[in-house]
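Architecture and fold: a report
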Amino acid sequence: MDSKQFKAQILELKDKMYRFADSILCNSDAAMDAVQDLNLKLWEKRDQLGDVENIRAFVYKSMRNLCLDKLRQKKQFTEISNEVFYDEPDPHQHTENRDMVAKVKMVIEKLPELQRTIIRMRDVDGMEIGEISFALSITENAVSVNLSRARQKVREQILKEQKMIEAYE
Amino acid sequence: MNKFDDIIERYFKGETTLSEENELKKYILSSDVKQNHKHLIPLFGFYQAETERTIPEKKVRKSKIKNNRYVKWVAYTGIAASVMLAVTLFNFNDSKDYAVIYGQKVNNEEYAQKMAVEKMNKVNKILERNLEPIESIGRVKATIRTQKANMERTKELIQSTK
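Quick summary incoming for the structure in this document. (Residues numbered from 1 in each chain as written. Chains lettered and ligands numbered in written order. Predicted model: local features only at pLDDT ≥ 70, side-chain atom pairs only at ≥ 80, totals over all residues. Heavy atoms only, no water.)

Focus on the environment of glutamine 115 of chain A
All names here are of chain A. Tracing the chain through its elements places glutamine 115 in helix α8 (residues 113-124). A relative accessible area of 4% places glutamine 115 in the buried class. Spatially, the C-alpha atom of glutamine 115 lies 9.4 Å from that of valine 145, the residues being 30 residues apart in sequence. In this structure, glutamine 115 is in contact with Asn146, Arg149, Ala150 and Lys153, ignoring residues within four places of it in sequence. Reaching out from glutamine 115, the side chain makes a polar contact with the side chain of lysine 153 at a distance of 3.2 Å. (Helix = DSSP H or I, 4+ residues; strand = E, 2+ residues; numbered from the N terminus. Buried < 20%, exposed > 50% of the residue type's maximum accessible area, 1.4 Å probe, protein only. Contact = heavy atoms within 4.5 Å. Polar contact = N/O pair within 3.5 Å; in protein donor to acceptor, adjacent residues only side chain to side chain.)

Here it is, written out as structure tokens:
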């Protein structure tokens, strides 16, 4: 892969990679560093990138691995539970926080890492199930199951939130 | 039953195609959205906002350069050198009274000065570009210093436990 191809196929993904890294690391500065690190690593391996079939999925896969490594290195990587626990907002907090978009963000951030990653890859970046499957090294069925679970959880929380807002109004 | 009722149900089961999902997003964020689907506006609004979020410019880089004495020294020395070079090359007060630009004698003072300024600007640009790796070297050196200090502490700890 020459520098032009590298720019068109990899550097073009920088905003997507930043958002993706941010969703895993939950830290904007660390996400920016991750984008730089990944670009540097891929640039060093650019001669081998020509053989990659789906470069976008490959870049996502590389970024996820890099982020998970960073989390492990920093020992911030805690066991990710399959269950999600949500804090019940108290009435005072509730009246203050009616920004539903911010709530949605919070709900998504509280999903298990795999579900959060999948929902972002699909609903934010518009990736095909096959691409996500390759990027995460899991089966397409596992992607669909986790996507469905993630969306259901988000929906449940939105409806719950909606009901509470209605009750207080 | 609205066409989108079915799509929404399948969407939450993870059974929709990308084109159906795009259609759904457009509908939810449009003014045509039905009252019973309005609770989904924040969800798709969040996704929409996310697609527009870009990587922030790294402002830290500039402040780091400002605080780095070595980088400052390199920058000022480079600028001073380029100014001296320009003054030497384009000194019209000496006996020769001409400048050499691209191998040609130039007597036009205004043109020669313009070329000198252009050259200086080029030097400055090169300096700016070259500062980035220097900054990286500075970061690496700082990391090495920290690691060395850690190793020293570890050694001391090992010796004290012997």
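What to know about unusual backbone geometry
Keep in mind that most residues, glycine aside, have a negative phi and that most peptide bonds are trans. For cysteine 26 of chain A, which is not a glycine, the phi torsion comes out positive at approximately 55 degrees. Within the fold, cysteine 26 of chain A resides in the loop between α2 (14-25) and α3 (28-44).

Some thoughts on the packing of α8 of chain A against helix α3 (residues 41-51) of chain B
The geometry of a pair of packed helices is captured by two quantities: the angle between their axes and the separation between those axes. It is at 10 Å that the axes of α8 of chain A and α3 of chain B come closest, and there the two elements cross at 80 degrees. On the basis of their axis angle, the class for α8 of chain A and α3 of chain B is roughly perpendicular. Listed contacts from α3 of chain B to Ile119, Arg120, Asp123 and Val124 of chain A of α8 of chain A are Phe46, Tyr47, Glu50 and Thr51 of chain B. Within the contact of α8 of chain A with α3 of chain B, the residues separate by chemical class into four nonpolar, one polar and three charged. (Axes fitted to C-alpha atoms, helices over the stretch in contact; angles between N-to-C directions. Parallel < 35°, antiparallel > 145°, perpendicular 65-115°, else oblique. Nonpolar A, V, L, I, M, F, W, Y, C, P; charged D, E, K, R; others polar.)

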